[in-house]
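The chain contents come next:
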Amino acid sequence: MAIVLGPNQFGKAEVRLVRIDRSRTVHHITDLNVSTALRGDFDDAHLLGDNSHILTTDAQKNTVYAFAREYGTGQIEDFALRLGRHFVGSFPWIHGARVEIEQFAWERIVVDGSPHDHAFSQPGGERRTTVVTVDGPSVSVVSGLAGLVVLKSTGSEFHGFPRDRYTTLAETTDRILATEVTAQWRYVTTDLDFGPLFGRVRDALVTTFAQVHSLALQQTLYRMGEAALTAVEQVAEIRISMPNKHHFLVDLSPFGLDNPDIVYQVPDRPYGLIEATVLRDDAPTASDRPQARPDTTSAP
Ligand SMILES: O=c1[nH]c(=O)c2[nH]c(=O)[nH]c2[nH]1
C-alpha cells in the first residue's frame, strides 16, 4: 500500500471587500465576501515543500482587491468569471479556479421620506428587544434593538486625537463610518403604546446616524441618544453600544493602481467598541433602573 496525495486546492477564503461608487452625489455600495481556490499541479508543494507552483493566497487576495478597482465589481457572476479566468490563465500549471462570492444587501436609510444619498442600513439581522423586571411593586420596561447595521460612505471625520508613541492612525476628514447598533432604553412608566414608541425611537436613532456629520463615533452615539430622548419623552435613558466596523482603504500602489476612496478591506475584528448611556439629568435613579452588573473585582 502506498500513501498518495488526493484532490487538493488552496486559496484565500472570505476576502471582505466594500466598493463605493462615488462618481455621483448618490453613492452606491457593493459589499462582498469573496473566496478563491485554485486547482492544478501542486503536488510538489505538498510532497516536497517546493512552492514554485504556488500562486500565494496573498496574491489571490490582492487580485480580488485590484480587480475591484481596475474593472469594478459589477454583477458578482461577472466578477467571479473575471477572477476565475484570470487565475486559470496566469500559470500553465493552474488548471482550475473556484470563486465563490456572497453579496450583502444594503438599503438606503430613508430620511423625511427620501432615500439618503450616502447612508445605508442592512436588512435582516435586526431584532427588537425588551426586558421587563417585576420586583414587588416596582415594574420596569427596558426596550431596545440589536443588530441594526448602518453605514455612511461619507460625512464622517476623525482627527484631533493625541499622538503617543504607539499612535499610528492617520487623521482623516472623510472616512466610512459603519456600526451595528445595540440600544436599550428605559421607559418611565408601563402604561404605554409600545409599538409606535419603538418606531419613533428607532427612527430617531437611524435618521440621526444618517444626518449627523460625524466627528467621532462617540459624538454620533451621543447625538443618536439625544435624538431618541427628544423624540419620546417617556424614555428616561438610553444605553447605546456601537462597534466601529472599520473600513480600511486598500493600498493598491504596489500594483500600479490608485485607490481614491473606492476599494476597502473590511476585517471583522478587532473593532473599536463605543458605549455610553444618554439620560435626562432629572431621570429618576430609582430601583427600577437597569441593574449594573455586580462588580466581581471588589471585596464583598
Ligand atoms: O470614531 C472613532 N472613535 C475612536 O475612539 C476611534 N479610535 C480609532 O482608532 N478610530 C476611532 N474612531
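Residues numbered from 1 in each chain as written. Predicted model: local features only at pLDDT ≥ 70, side-chain atom pairs only at ≥ 80, totals over all residues. Heavy atoms only, no water.

- For the protein chain, an unreviewed UniProt entry supplies the name Uricase and the organism Frankia umida.
- Taken verbatim from the UniProt record of the protein chain, the Function (unreviewed entry) comment is "Catalyzes the oxidation of uric acid to 5-hydroxyisourate, which is further processed to form (S)-allantoin."
- If you open the UniProt record of the protein chain and go to Sequence similarities (unreviewed entry), you find "Belongs to the uricase family." (UniProt positions renumbered as here; feature names shortened; annotations may be inferred.)

1. Some words on the nonpolar core
Right, on to step 1. By size, the foremost hydrophobic cluster in this structure holds 32 residues, and its most contacted members are Val181, Trp185, Leu205, Ile238 and Ile240.
Right, on to step 2. Of all the elements in the fold, those that place two or more residues in this core are β4 (107–111), β7 (138–152), β8 (177–187), α4 (194–211), α5 (217–231), β9 (235–244) and β12 (272–279).
Right, on to step 3. Ranked by the residues each element gives to this core, the list is headed by α4, at seven residues.
Right, on to step 4. Apart from the residues lying within four places of it in its own chain, the contact partners of Ile240 are Val181, Thr182, Ala183, Leu205, Leu221, Met224, Gly225, Ile274, Glu275 and Ala276. (Core = buried A, V, L, I, M, F, W, Y, C linked by side-chain atoms within 4.5 Å. Buried < 20%, exposed > 50% of the residue type's maximum accessible area, 1.4 Å probe, protein only. Helix = DSSP H or I, 4+ residues; strand = E, 2+ residues; numbered from the N terminus. Contact = heavy atoms within 4.5 Å.)

2. Here's the deal with the domain arrangement of the protein chain
Right, on to step 1. Segmenting the protein chain into domains produces domain 1 (15–104) and domain 2 (107–162 + 170–246 + 266–279).
Right, on to step 2. On a C-alpha basis, the centres of domain 1 and domain 2 stand 35 Å from each other.
Right, on to step 3. With 13 residues of domain 1 in contact, the opposing surface of domain 2 contributes ten residues.
Right, on to step 4. It is Arg16, His27 and Ile29 that lose the most area in domain 1 upon contact with domain 2, and together they represent 45% of the buried surface on that side.
Right, on to step 5. Summed over the shared surface of domain 1 and domain 2, the result is zero salt bridges.
Right, on to step 6. One can count five residue pairs in polar contact (both at pLDDT 80 or more) joining domain 1 with domain 2.
Right, on to step 7. Elements that contribute at least two residues to the side of domain 1 that touches domain 2 include exactly β1 (15–21) and β2 (28–40).
Right, on to step 8. Grouping the constituent residues of the side of domain 1 that touches domain 2 by class yields seven nonpolar, three polar and three charged. (Domains from an automatic or database assignment. Buried area = accessible area lost by both parts, 1.4 Å probe. Salt bridge = Lys/Arg side-chain N within 4 Å of Asp/Glu carboxyl O. Polar contact = N/O pair within 3.5 Å; in protein donor to acceptor, adjacent residues only side chain to side chain. Nonpolar A, V, L, I, M, F, W, Y, C, P; charged D, E, K, R; others polar.)

3. Description of the pairing of strand β6 (residues 127–135)
Right, on to step 1. Where β6 meets β7, nine bridges bridge the pair, whose relative direction is antiparallel. Its bridge partner lying in β7, Arg128 is registered against Leu145.
Right, on to step 2. Hairpin connection from β6 to β7: two residues lie between these consecutive antiparallel strands, with Gly136 at a positive phi of about 65°. (Pairing = 2+ DSSP bridges.)

4. As for the site of the ligand
Right, on to step 1. The environment of the ligand is made up of Phe158, Leu169, Arg175, Ala216, Leu217, Gln218 and Asn244.
Right, on to step 2. In the environment of the ligand, a nitrogen atom lies 3.3 Å from a nitrogen or oxygen atom belonging to the side chain of Asn244.
Right, on to step 3. Surface burial for the ligand is 71%, taken as the share of its 290 Å² of free accessible area covered by protein chains.
Right, on to step 4. Classifying every residue of the shell around the ligand gives four nonpolar, two polar and one charged. (Near = heavy atom within 4 Å. Areas by Shrake-Rupley, 256 points an atom, 1.4 Å probe, with all protein chains shown as cover.)

5. Section: the sheet that holds strand β3 (residues 94–104)
Right, on to step 1. The strand order across the open sheet formed by five strands is β3-β2-β1-β11-β10, and the pairing between neighbours is antiparallel. Taken across any chain shown, the strands that pair with only one partner, and hence form the sheet edges, are β3 and β10 (248–249).
Right, on to step 2. Alignment of β1 against β2, held across seven bridges, turns out to be antiparallel. By the bridge assignment for β2, Asp21 is matched with His28.
Right, on to step 3. Across the face of the sheet, helix α2 (residues 57–70) comes into contact with β1, β2 and β11 (263–265) while running at roughly 10° to β1. (Axes fitted to C-alpha atoms, helices over the stretch in contact; angles between N-to-C directions.)

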